[in-house]
Amino acid sequence: MSSFYVTTPIYYVNGAPHLGHVYTTLIADTLAIHHRDRGDDVFFLTGTDEHGLKVQRAAEDLGISPQALADQNAEKFKVVFDKYKLTYDRFIRTTEADHKATVTEVVNRMKAKGDIYLDTYAGWYSASDEAFYDESEIEDGKVIASGSAVEWVEESSYFFKLSKYENQLLDWYKENDTNIKPDSRRNEVASFVSGGLRDLSISRTTFDWGIDFPGDPEHVLYVWVDALTNYLTGVGGFTDKDKFAKYWPADCQLLGKDILRFHAVYWPAFLFSIDITPPKQVFAHGWWVVDNVKMSKSLGNFIDAGDLADEFSLDVLRYFLTREIPLGSDGNFSRVRVVERNNSELADNLGNLVNRSFAMTEKFLEGQIPKFNGPSSDPLDSELVGHAKLAYENILAAMDRRETHRALEFVMSFSSEINLYIQKTQPWKLNKEDKERVAVVLYHILEAIRWVCHLANAFLPNTAPVILEGLGVDVESPLKDLSWGGLAPSKINSPPVLFEKLDPKAFEAKIEEPVEPEEKVDYIEFDDFLAVNMRVGKILEAEAVEGADKLLKLEVDLGERKNRQVVAGIAKSYGPGDLIGKKVAVVSNLKPRKIFKILSEGMLLAADTEEGGLQLTFYPENVSVGTRLS
Ligand code: MSP
């Protein structure tokens, strides 16, 4: 059995959990469930980062001890994670005794390696980021990257010889193309390191909320050395050697792009120092903004994770957060978009599929799942089985690439294929004509639904099991040996409505206040804008159209199951060879139409140039195919 170890960052306890915290943990949960379903031995770690200046100051502001604040807020995180039914294996707190022991051992090993020395630190520190900054990273008293305030620090400090590991880090980045993801982030980190590394100050003397520096209790250990070590403690640290050997190196360490440097530079360097293999993967996800505005306490648009779970059902939220953006990209959280995805994808596609299929089974077969009669020779049936097998392969491969949004796209397009199969076979007609055939067709539909549920379980862990229960299915690691024909005959139990349709209007009030226009402009509503679906598409093929010197016929990948054929009037500005492999903006929901007798299933966006030509927008590598433009 292979193991799969997935981690989230541990969260600061200076406040309550918000959307951003829940996002990382939900993605980790999705990976964990998916791998359990594949039969892997999974360990999923999350928890709280409780030491440091930031927490100490937050506690002082409240007039309570840092430990009391940590206790209060760690509990809030646990309550919220339980509300989201997250399946973590351990919730680690850095104030726990086993963690302190691991941290002490880590520092002792660094010392033994000769990687630590005492000196004086004189420079900038941001308590909010818990990070030291160079002069060049600061402007007007604030950190350029994060906007956090800095203060001048000048005190005796232990240093870790980070500079010693520069080359080893650069070699590690080159070792494979999966250890730091997305690729653009790996490049960013590599260029930071090749610019030269300074040794890292790893202790402070002017506050005391932290782990004592081993051998010198006048110093408190820098909170990031303490925090990063949680990933070792979580799987046994230096004491439970079997457990540690089973799970380390971690398979996937998820974190937000803001804390990449700590995870992709400091963390592997610490591990090199103590002769522990670095993680197999550090994956930086993007940031959510809310209705296009950064979440912040002062703007009052912070989305409290606990409250959010009262607004939408868990699987709808989870679906939205995984489906809306590729892992790694930034996203815009909009309640109206959540509703749209719920209505058009979950309710209309999956929910409808399940409802009509169970209803037909009740009506035509008295609720009895038929027996599997071996492979069918009907081409429609074998086509459906082919779709199921392809969905399985595509979804597992997408999950291995951490393309969670793609995996979910494959789930949903498989569900559409089953709906299409129903349209084509028309069981309601067959029921009158051929009872034997209707049983075969319904078996195929129900078996395909079983496959969809197993494949979707990691994304919809509260809904998929309800449908499976209705089919009398209960398997431990369903993706391990999924084979066609596994659905056994039994009486079905129709599930309740799975995804209620929601009224987008009811959620609009929570978006920005409407602003009165200053001058007369033909404004459109935000909904009108949303009605136009614009996506990034990759041009795979391009050829001239005979007899139409302005037109090119293109084959475009929009991240869907099938590529699109697009006819574009750009031949005067671009030859076919200029376009292949390029990523461009495509309007994807224009009604298909024929141009010069050729079907066009989309429209490219282009600007007029001053010379009378056309200019397309080309997107770089780090923008994924299928990304929605907004
Ligand atoms: N305590 C450190 C992590 C130590 S890990 C050894 C920390 N904590 S945090 O609570 O500030 O942030 C935790 C995570 O939440 C980060 O990965 C951060 O990127 C993520 N998010 C915070 N706001 C976010 C959004 N608005 N959107 C998505 N994720 C964001 O950093």
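For clarity, every value in this text was computed on a predicted model and none was experimentally measured. (Residues numbered from 1 in each chain as written. Predicted model: local features only at pLDDT ≥ 70, side-chain atom pairs only at ≥ 80, totals over all residues. Heavy atoms only, no water.)

Draft legend 1. Fine view of the site of the ligand. Close to the ligand lie 23 residues, the nearest being Ile10, Asp49, Gly256, Asp258 and Trp288. Here Asp49 contributes a side-chain N or O atom positioned 2.7 Å from a nitrogen atom of the ligand. Here Trp287 contributes a side-chain N or O atom positioned 3.3 Å from an oxygen atom of the ligand. The set of elements that each furnish at least two residues to the shell around the ligand consists of β1 (3-12), α1 (19-37), α7 (223-228), α8 (230-233) and β14 (252-256). (Near = heavy atom within 4 Å. Polar contact = N/O pair within 3.5 Å; in protein donor to acceptor, adjacent residues only side chain to side chain. Helix = DSSP H or I, 4+ residues; strand = E, 2+ residues; numbered from the N terminus.)

Draft legend 2. Looking closely at the domain arrangement of the protein. Segmenting the protein into domains produces domain 1 (3-307), domain 2 (349-500) and domain 3 (532-619). The C-alpha centroid of domain 3 is placed 45 Å from the C-alpha centroid of domain 1. (Domains from an automatic or database assignment.)

Draft legend 3. Up close: helix α2 (residues 53-62). Buried residues of α2: Leu53, Lys54, Val55, Gln56, Ala58 and Ala59, and no others. Of the surrounding secondary structure, the elements contacted by the buried residues of α2 are β1, β2 (41-49), α3 (66-83), β4 (116-126), β8 (151-160) and β11 (203-204). (Buried < 20%, exposed > 50% of the residue type's maximum accessible area, 1.4 Å probe, protein only. Contact = heavy atoms within 4.5 Å.)

Draft legend 4. Region of the structure containing the pattern of salt bridges. For the coordinates displayed, the defined rule picks out 37 salt bridges. For Glu345, the salt bridge is made with Arg341, and the minimal N-O distance between the two is 2.7 Å. You can see Glu345 and its partner Arg341 sitting in helix α13 (residues 335-365), 4 residues apart, about one turn around the helix. Relative accessible area serves as the criterion here: at 3%, Arg341 is assigned to the buried category. Through salt bridges with shared partners, a single network forms among Arg323, Glu324, Arg337, Glu340, Arg341, Glu345, Arg406 and Glu409. (Salt bridge = Lys/Arg side-chain N within 4 Å of Asp/Glu carboxyl O.)

Draft legend 5. Structural context of the pairing of strand β19 (residues 548-557). Pairing geometry for strand β18 (residues 534-545) and β19, over 7 bridges, is antiparallel. From the neighbouring strand, Ile539 faces β19, where its bridge partner is Val556. Counted between consecutive antiparallel strands, the loop separating β18 from β19 contains 2 residues, among which Gly547 sits at a positive phi close to 85°. Alignment of β19 against strand β20 (residues 564-568), held across 5 bridges, turns out to be antiparallel. Bridged to Leu552 within β20 is Ala568. What sits between the antiparallel neighbours β19 and β20 is a turn of 6 residues, in which Gly559 has the positive phi angle 80°. (Pairing = 2+ DSSP bridges.)

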